[in-house]
Amino acid sequence: RLPKFPKLGFSYLVSDESWFPLHDLIQSLRIRVAYGRASRQPGPIDRLRLYGIPSRMFADGSLQSGVTLQQVGNREVRPERSSEFEGGFDADLFDNRLTVTMSGYRKTTDDALLRVPVAPSVYGSDVTIMKNIGVLRNTGLELSVGGQLVRSGPVTWTTQMQWSRNRNVVVRLA
């Protein structure tokens, strides 16, 4: 059975409606919302135990080869699954001299994948294992304000400012 990852978006251009009362002030006003689900699969070799054959050069010039463990396989690793909701608006005001865009989002990731180092006392140094570490939540807000300060003949001067806030939280560790 294949997993389902639906995505749905909706956008409504409110300013095109005949009942919209602020046509002189707001030339364009769009409200938008979206929801989607996605997945990230572990790599094709994350379940496998991998060995390497490094060569080491010593101070006396001799070359020594051997076999070392590079990755501990994890047969229980699962795909991570995400769901995200986003909403916002886009507005053009004052004869299109000012543009404002605002978006908010919330993304939750279940079974988040992370390559975790293994304690050197267990397998030596530089050995990792891919694990599902738990549930993560990412929320944020983005605001963009732009304006045409000068719009006269061949000269146009446009300025853009952006602000964002992003918050990542570990909801639960596995």
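My aim in this report is to walk through the structure given alongside it, one point at a time.

About the cut-offs
Residues numbered from 1 in each chain as written. Predicted model: local features only at pLDDT ≥ 70, side-chain atom pairs only at ≥ 80, totals over all residues. Heavy atoms only, no water. Helix = DSSP H or I, 4+ residues; strand = E, 2+ residues; numbered from the N terminus. Rg over C-alpha atoms; globule rule 2.2 N^0.38 Å. Buried < 20%, exposed > 50% of the residue type's maximum accessible area, 1.4 Å probe, protein only. Contact = heavy atoms within 4.5 Å. Areas by Shrake-Rupley, 256 points an atom, 1.4 Å probe, with all protein chains shown as cover. Polar contact = N/O pair within 3.5 Å; in protein donor to acceptor, adjacent residues only side chain to side chain. Patch = residues over 30% accessible without salt bridge, like charges linked within 9 Å, V, L, I, M, F, W, Y side chains within 5 Å. Salt bridge = Lys/Arg side-chain N within 4 Å of Asp/Glu carboxyl O. Pairing = 2+ DSSP bridges. Axes fitted to C-alpha atoms, helices over the stretch in contact; angles between N-to-C directions.

## Thoughts on the overall build of the protein
On a plain count of helices and strands, the protein comes out with one helix and 12 strands. The linear arrangement of helices and strands in the protein, starting from the amino end, is β-β-β-β-β-β-β-β-β-α-β-β-β. The C-alpha radius of gyration computed for the protein amounts to 26 Å, which surpasses the reference 16 Å derived for 174 residues by more than 25%, pointing to a less compact arrangement than a globule. Principal axes of the C-alpha set define a box for the protein whose edges measure 80 × 50 × 25 Å. Counting only residues that meet the buried cut, the protein has 24% of its 174 residues in that class. A separation threshold of at least 6 residues defines the contact pool for the protein, and within that pool the share at least 24 residues apart is 61%. Accessible surface computed for the protein: about 12400 Å², of which carbon and sulfur atoms make up 57%.

## Considerations on the environment of Lys7
With respect to the helices, strands and loops of the structure, Lys7 is situated in strand β1 (residues 7-13). Put simply, Lys7 and Ala91 are 84 residues apart on the chain and 24 Å apart in space, counted from C-alpha to C-alpha. Within polar-contact distance, the side chain of Lys7 engages the backbone oxygen of Arg37 at 2.7 Å.

## Details of a nonpolar patch on the surface
A cluster of nonpolar residues, Phe10, Tyr12, Trp19, Ile31, Val33, Tyr35 and Phe85, forms a patch on the protein surface that exposes about 710 Å² of accessible area. If you list the elements that add at least two residues to the nonpolar patch, you get β1 and β2 (26-40). The element contributing the most residues to the nonpolar patch is β2, with three residues. Structurally, Ile31 is set in strand β2. Residue Ile31 is classed as partly exposed on the basis of its relative accessible area of 40%.

## Comments concerning the side chain of Thr108
You can see Thr108 is positioned in strand β8 (residues 98-110). Taking relative accessible area as the criterion, Thr108 reaches 17% and is therefore assigned buried.

## Quick notes on the sheet that holds β8
Hydrogen bonds between backbone groups are what pair the strands of a sheet, and the pairing can be parallel or antiparallel. Reading across from one edge, β1-β2-β7-β8-β11-β12 is the order of the six strands in this open sheet, with antiparallel pairing throughout. Only two strands of the sheet have a single neighbouring strand rather than two, namely β1 and β12 (155-173). For this sheet the average axis-to-axis angle between neighbouring strands, irrespective of direction, equals 5 degrees. Where β2 lies against strand β7 (residues 80-93), 14 bridges are found, and the strand directions are antiparallel. The residue of β7 that forms the bridge with Arg32 is Gly88.

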